[in-house]
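A look at the structure
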Amino acid sequence: MPTDSPAPADTPRTPPAAAAQVPAPFPERAALPDPGPAPTLRDPDAPAPGPGGPAPATPRGYRAVFAVAEFRAVFAAHLLSLLGVVVSELALTVLVYDLTGSPLLSALTFALGLLPYIVGGTLFAGVADRYPARRVLVVCDLLCAACVAVMLVPATPVAGLLALRCLVAAIAPVFTGTRMAALTDILGEGDLYVLGRSLLRIVSQSAMLIGFGAGGMLLTVLSPRGAITVTVVTFLCSAALLRFGTQDRPARATTGDGAGGTLLKESLSGARLVLGDRRIRALMLLFWLPAMFVVAPEALAAPYADAIGASPAALGLLLCAMAVGHIGAELFVGSALSPRNRSRIVLPVAAVGLLPLLVYAVRPGLLLALAALALAGAGAAYVIGLDQWFVDAVPQGLRGRAMTLLTAGLMTVQGLGMALAGLAAEFFPVHQVVAGSGIIGTVCTLLLVAEVRRTDPRRMPYTEERDGADRHVTSR
């Protein structure tokens, strides 16, 4: 299934590392049923004692995540399906252009990969908590494989191709949110979960660099429909890996978390509960807001390359620079920093992450622009620590719906940010639009950082914390 950006069954959770996590503000978590036995590997920093003395040290960092067999299955499924999706997006765009000769419809094929996210993430989010996670993931993969298979039928009209593209995109946030929530069951809620999410994000960023290149090579030897066939195979392989490589856990929804009604009611109720809580809302916006502004230079890469007289190869570098910066910074933060330090850098890095875009105010040449984009991409590394804060803040029974909504909103605001940047570039020079995005985004992020600080349970006065312990999530 496509996307990680940010990715969503039940076993007990490990105790969070005290230095790296925010205290859980929801008393109702303790009332949730115990879903089953926990995986043996949990905290990579705490070796288990053996009968004859201390056991050998367990793997640390990313190696500890890969030591969990279920995660290896999830990772492989994500890698396969994501590469398939990237290839199919390119092939489908070429196919629509071949059939219609319309640049607008060809571009719309890409846009339809973002627009339905908000629909699927809002209306179908209840699926993530209402049904067992493994069943949801496998069914989503099979539905997407069926949609892509219909695209291969020569008689399928262009309108049908676009409708199927919308359907796949509407399913994507449900899949991603469910997988993000399931990771807390597979890896626990501590450092392993954070590093697992980090690995899936790195794969998503890398797929943009590798997938389009692989898709271009495939299109030199296969027809567009032939290349799309690859996606059917990857979806089926992903479904098989998830079905046979992960445990079957019960659904996490309970009547206390808005369950028990229709699917639509559960989905909308979950959105209301999540967005109605001040702490969760602030953290979710901290995922969304910087992402909305940081996409401006990517959306305007082609006109900017033209404005500075750069070659088509330079355009490719402009499109890759931010992803390279993101991957490098995420690997460094995930492997070199402790959970405590990853938590400490969240707000400072989020506050300054968009400042490199201000370099565009001087209409930089290619090298300086590439450096600015790489730094802006590196600024996204604050999300590693933010992942931990978010999973601590959301009750288990709401986790699937919250993470589905998080994914849907993230993709939607990025699409909106691209559209607004393009609209602004109709009236102002491209370099000014990018610099303006950096300024406005930084101001908005600073205001949001202040709100996140105010809602930190560790900073709340004792009386507010005591009173808050008696309030249910619906009253927030």
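Residues numbered from 1 in each chain as written. Predicted model: local features only at pLDDT ≥ 70, side-chain atom pairs only at ≥ 80, totals over all residues. Heavy atoms only, no water.

**Observations regarding the overall build of the protein**
Regarding its fold elements, the protein presents 21 helices and two strands. Going through the 476 residues of the protein one by one, you find that 54% of them count as buried. Within the structure as shown, the protein displays about 19,100 Å² of accessible surface, and the carbon and sulfur contribution to it stands at 70%. (Helix = DSSP H or I, 4+ residues; strand = E, 2+ residues; numbered from the N terminus. Buried < 20%, exposed > 50% of the residue type's maximum accessible area, 1.4 Å probe, protein only. Areas by Shrake-Rupley, 256 points an atom, 1.4 Å probe, with all protein chains shown as cover.)

**Here's the deal with a nonpolar patch on the surface**
The grouping of Val352, Leu355, Leu358, Ile439, Ile440, Val443 and Leu447 at the surface amounts to a nonpolar patch, some 610 Å² of accessible area in total. Per-element tally for the nonpolar patch: the top contributor is helix α20 (residues 430–454), with four residues. You can see Leu355 is positioned in the loop between α16 (346–352) and α17 (366–378). (Patch = residues over 30% accessible without salt bridge, like charges linked within 9 Å, V, L, I, M, F, W, Y side chains within 5 Å. Salt bridge = Lys/Arg side-chain N within 4 Å of Asp/Glu carboxyl O.)

**Comments concerning the pattern of salt bridges**
Taken as a whole and assessed by the stated rule, the structure comprises eight salt bridges. Here Glu70 ties to Arg249 by a salt bridge, and the two come within 2.8 Å at their closest N and O atoms. Here Glu70 is found in helix α2 (residues 69–100), whereas its partner Arg249 is found in the loop between α9 (224–245) and α10 (263–276), with 179 residues between them in sequence. Each member of the pair, Glu70 together with Arg249, is buried. Within the structure, one salt-bridge network assembled from shared partners comprises Arg197, Arg201, Glu330 and Asp387.

**Here's the deal with the side chain of Asp141**
Mapping Asp141 onto the fold places it in helix α6 (residues 133–151). Buried charge without a salt bridge: Asp141, with Arg179 as the nearest opposite-charge side chain at an N-O distance of 8.0 Å. Of note is the side chain of Asp141, whose polar atom sits 3.3 Å from the backbone nitrogen of Ala239. (Lys, Arg positive; Asp, Glu negative; His and termini not counted. Polar contact = N/O pair within 3.5 Å; in protein donor to acceptor, adjacent residues only side chain to side chain.)

**Quick notes on helix α11 (residues 278–294)**
Taking 1.5 Å per residue, 17 residues should reach 24 Å; α11 reaches 25 Å between its end C-alpha atoms and fits that length. The largest bend in α11 is about 25°, located at Leu285. Most of α11 sits inside the fold, with 13 of its 17 residues counted as buried. One side-chain oxygen of the residue at the start of α11 lies 3.1 Å from the amide nitrogen of Arg279, identifying that residue as Asp277. (Expected span 1.5 Å × (residues − 1). Bend = angle between axes of the 7 residues up to and from the residue.)

**Some points on the side chain of Asp387**
Within the fold, Asp387 resides in helix α18 (residues 383–393). Ignoring sequence-local partners within four residues, the contact set of Asp387 consists of Tyr193, Arg197, Arg201 and Phe287. (Contact = heavy atoms within 4.5 Å.)

**Quick notes on the packing of aromatic side chains**
Counted by the stated rule, this structure contains five aromatic pairs. Each ring, one from Phe66 and one from Phe71, has its centre 5.8 Å from the other, and the planes form 65°; the classification is edge-to-face. A relative accessible area of 0% means that Phe71 is categorised as buried. Residues Tyr304 and Tyr360 carry aromatic rings whose centres are separated by 4.9 Å and whose planes lie at 55° to one another, so their mutual orientation is tilted. Of the two residues, Tyr304 sits in helix α13 (residues 301–307) while Tyr360 sits in the loop between α16 and α17, which places them 56 residues apart along the sequence. (Phe/Tyr/Trp six-rings, centres within 6.5 Å; stacked < 30°, edge-to-face > 60°.)

**Considering unusual backbone geometry**
The phi torsion of most residues other than glycine is negative, and most of the peptide bonds are trans. Despite not being glycine, Arg363 shows a phi value in the positive range, around 50°. The topology assignment puts Arg363 in the loop between α16 and α17. The exposure class of Arg363 is partly exposed, given its relative accessible area of 41%.

**Here's the deal with the nonpolar core**
Ranked by internal contacts, the top residues of the largest apolar core, which has 116 residues, are Phe71, Leu187, Leu286, Leu386 and Phe390. For Phe390, the contacting residues outside a window of four places in its chain are Ile280, Leu283, Met284, Phe287, Ala402, Met403 and Leu406. (Core = buried A, V, L, I, M, F, W, Y, C linked by side-chain atoms within 4.5 Å.)

**Details of the packing of α2 against α9**
Between α2 and α9, the least distance of the axes is 8 Å, while the angle of their chain directions is 160°. Judged by the inter-axis angle, α2 sits roughly antiparallel to α9. As α2 runs across α9, the sense of the crossing is left-handed. Per-class residue counts for the contact of α2 with α9 are 18 nonpolar, seven polar and three charged. (Axes fitted to C-alpha atoms, helices over the stretch in contact; angles between N-to-C directions. Parallel < 35°, antiparallel > 145°, perpendicular 65-115°, else oblique. Left-handed = near helix turned anticlockwise from the far one by under 90°. Nonpolar A, V, L, I, M, F, W, Y, C, P; charged D, E, K, R; others polar.)

**Concerning the environment of Val96**
Tracing the sequence through the fold places Val96 in helix α2. Remark: the alpha-carbon pair of Val96 and Leu162, spanning 66 residues in sequence, is separated by 8.8 Å.

**Digging into the environment of Val139**
Mapped onto the fold, Val139 is located in helix α6. Sequence-wise, Val139 and Ala239 are 100 residues apart; in three dimensions their C-alpha atoms are separated by 7.7 Å.

**Considering the confidence of the model for the protein**
Model confidence for the protein is summarised by a mean pLDDT of 77, while 77% of its residues fall at 70 or above. When mean pLDDT is compared element by element in the protein, α16 scores highest at 94, while helix α21 (residues 462–468) scores lowest at 41. In this model residues 255–259 is a low-confidence stretch, pLDDT under 50, and it forms 12 contacts with partners more than four residues away in sequence or in other chains. Contacts for the low-pLDDT stretch residues 462–476, under 50 throughout, to residues beyond four places or in other chains number 16 contacts. (pLDDT = per-residue confidence, 0-100.)

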